[in-house]
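Here's the letter readout for the chains.
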Amino acid sequence: MNSDQIKERLLQIAEPQEEFSVVLSGKASKKANGLYKPEEREIVLHNKNFSNDNLLIYTAIHEYAHHLHFCSSDPPKSARSHTRRFWSILHSLLGKA
């Protein structure tokens, strides 16, 4: 899958309040499968970490939940990114997916 296809799938699950981009790093990472850069509104996926598209999409949804949380009316107030609100958003997205 390419970044446009991944973004289209995310948009089918939920419409964001703010624009975002999806970037495939073209690398493998031992630290993380993906990350969200809130200042850039960018989801980065280390696509060489995945053996199939289902795992890639799961991680994309996880990072998309960070984007939706950060752009919401109740953004995270601490450095801790996996808050109860984040988990609620993620589970809602997974249910829709």
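Student: An account of the packing of aromatic side chains is needed here, citing residue identities and associated values.
Tutor: Applying the stated criterion across every chain yields a total of three aromatic pairs. On the numbers, 5.0 Å between centres and 40° between planes, the contact of F20 with Y64 is tilted. One end of the pair, F20, is in the loop between α1 (3-13) and β1 (21-24); the other, Y64, is in helix α2 (residues 53-70), and 44 residues separate them in sequence. Summarising the burial analysis for this pair, F20 and Y64 share the class buried. Lying over the aromatic face of F20, K7 brings its terminal NZ or CZ to 4.9 Å of the ring centre.

Student: I'd love a proper account of the sheet that holds β1, names of residues and values included.
Tutor: Read across the open sheet, the three strands follow the order β1-β3-β2; overall the sheet is mixed. Strands at the two margins of the open sheet, each flanked by one partner only, are β1 and β2 (34-37). Recorded for the sheet is a direction-independent mean angle of 20° between the axes of neighbouring strands. As paired strands, β1 and strand β3 (residues 42-45) are joined by four bridges and run parallel to one another.

Here is what the cut-offs are and how they apply
- Residues numbered from 1 in each chain as written.
- Predicted model: local features only at pLDDT ≥ 70, side-chain atom pairs only at ≥ 80, totals over all residues.
- Heavy atoms only, no water.
- Phe/Tyr/Trp six-rings, centres within 6.5 Å; stacked < 30°, edge-to-face > 60°.
- Helix = DSSP H or I, 4+ residues; strand = E, 2+ residues; numbered from the N terminus.
- Buried < 20%, exposed > 50% of the residue type's maximum accessible area, 1.4 Å probe, protein only.
- Lys NZ or Arg CZ within 6 Å of the ring centre and 35° of its normal.
- Pairing = 2+ DSSP bridges.
- Axes fitted to C-alpha atoms, helices over the stretch in contact; angles between N-to-C directions.

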